[in-house]
Amino acid sequence: DITVPNVSLFEMVLGEAPKRGDAIAMADGISGRTITYAQLLDQIRRVAAGLAARGVRKGDVVSIWSPNLPEWPAAFFGAVRIGAIVHTSNPVSTPEELAFQLADGGVKLLITVNALADKAKAAIAESKRGIELVTFDETPGLPTLASIMVDAEPPAVPIDPANDIAALPYSSGTTGLPKGVMLVHRSIVAQLKQIDAIESVDMPALLGVLPFFHIYGMVIIMMHGLMRGAAIVTMPKFEFEPFLKVLSTWPITSAHIVPPIVVALGKHPLVDNYKFPHLKYIFSGAAPLGPELTEAVEKRLNIKIRLGYGMTEASPATHYTVAGEERVGTVGKLMPSTEGR
């Protein structure tokens, strides 16, 4: 069992960050652009102050509708730091799908990218809510995240970890429309403690190709990586050769991916053109992975594949394969402080 500290999510993930200074926190795998831990903390502070100046208050919902970018956690934690709730949605959603979530979640401000700005405007119009639109990158006629930042201390907002919602991801909607999953600070803090208690692999860098809007990318990669002091190397979308380059050049010892990418690693001829000197493990989740493919990829790359299982409502992992305890075709053991039936 683990003990869950009574702290906010911001404190849990970035409490140790001030000691890390010039170490890389976020990097763009394509351009090589980096953000240090000191810069990330400064961005979060200024985003938090900027959102507060725009009238975002505790309990208000801020939406992030964007592919993975190095600035993604600055937007997320800037909102969470002042007690706001972050709604996340798939960037390939249609304006109609997004409009439903914006209305259902009661969103006040939406942060997106230039490429999605027109769709975002259409979704806001359809949601019939007065939602302010901000973009990460330059977009004519719209404020950027950088332009709304305010160089001031954000308001000190008391957080009740057991009751205050931090994240509002929308689950797949298998039996109807997607549903907003209300994850309080304590849920995610508990999950981070659960992973930390059993994850023995040293992770100097983590691959951020899985989307941060999804609970797997958000918590297991982005949050746990920042908590551990890793460099998170983002990719805005999955493209095979750039993915192989990132995997070969960054010190990624354990790569978090999903089964379709494992298939490519097992079968694509391009893989033979690259060496992966740091890679020891692949961690796969979100869908089943068969034993034959697992064994083929382990042999080809001389690594071990670990699996996990979870659901958005569990923040997300309930089962996890610990390094050294791999069993092909199984999702691992129950997480600490978890009961199964």
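Residues numbered from 1 in each chain as written. Predicted model: local features only at pLDDT ≥ 70, side-chain atom pairs only at ≥ 80, totals over all residues. Heavy atoms only, no water.

Take the overall build of the protein next. From N to C terminus, the protein includes eleven helices and 15 strands. For 341 residues, the compact-globule estimate of 2.2 N^0.38 gives 20 Å, and the protein sits close to it at 19 Å. Referenced to the eigenvectors of the C-alpha coordinate spread, the extents of the protein come out at roughly 55 × 45 × 45 Å. Going through the 341 residues of the protein one by one, you find that 56% of them count as buried. For the protein, the exposed surface amounts to about 14400 Å²; the carbon and sulfur share of it is 53%. Of the charged side chains in the protein, 30 are positive and 33 negative, and the gap between their average positions amounts to 1 Å. (Helix = DSSP H or I, 4+ residues; strand = E, 2+ residues; numbered from the N terminus. Rg over C-alpha atoms; globule rule 2.2 N^0.38 Å. Buried < 20%, exposed > 50% of the residue type's maximum accessible area, 1.4 Å probe, protein only. Areas by Shrake-Rupley, 256 points an atom, 1.4 Å probe, with all protein chains shown as cover. Lys, Arg positive; Asp, Glu negative; His and termini not counted. Charge placed at Lys NZ, Arg CZ, Asp CG, Glu CD.)

Below, the discussion takes up the sheet that holds strand β3 (residues 61-64). One open sheet holds the six strands; their spatial order is β6-β5-β3-β4-β7-β8, and the pairing between them is mixed. Sheet topology places β6 (132-135) and β8 (183-184) at the edges, where each strand pairs with a single neighbour. Where strand β7 (residues 165-169) and β8 come together, two bridges link them in antiparallel fashion. Within the sheet, the bridge partner assigned to Ala167 lies in β8 and is Leu183. In the packing of helix α5 (residues 117-127) onto the sheet, contacts are made with β5 (107-112) and β6, and the angle to β6 comes to roughly 165°. (Pairing = 2+ DSSP bridges. Contact = heavy atoms within 4.5 Å. Axes fitted to C-alpha atoms, helices over the stretch in contact; angles between N-to-C directions.)

Of the two faces of strand β11 (residues 254-257), the one lined by Ser254 and His256 and the one lined by Ala255 and Ile257 are each fully buried. Alignment of β11 against strand β12 (residues 281-284), held across four bridges, turns out to be parallel. Following the sheet pairing, Ser254 is matched in β12 by Tyr281. Crossover β11 to β12 through helix α10 (residues 259-267) is right-handed. (Right-handed = clockwise from strand over helix to strand, strands pointing away.)

Looking now at the sheet that holds strand β10 (residues 231-234). Spatially, four strands are ordered β2-β1-β10-β9 in an open sheet, and the strand pairing comes out mixed. Only two strands of the sheet have a single partner each, and these edge strands are β2 (34-36) and β9 (205-208). The mean angle between the axes of side-by-side strands here comes to 15°, regardless of whether they run parallel or antiparallel. Both β9 and β10 contribute to a ladder of four bridges, which runs parallel. For Gly208, the partnering residue across the bridge sits in β10 and is Thr234. In the packing of helix α2 (residues 37-53) onto the sheet, contacts are made with β1 (24-28) and β2, and the angle to β2 comes to roughly 85°.

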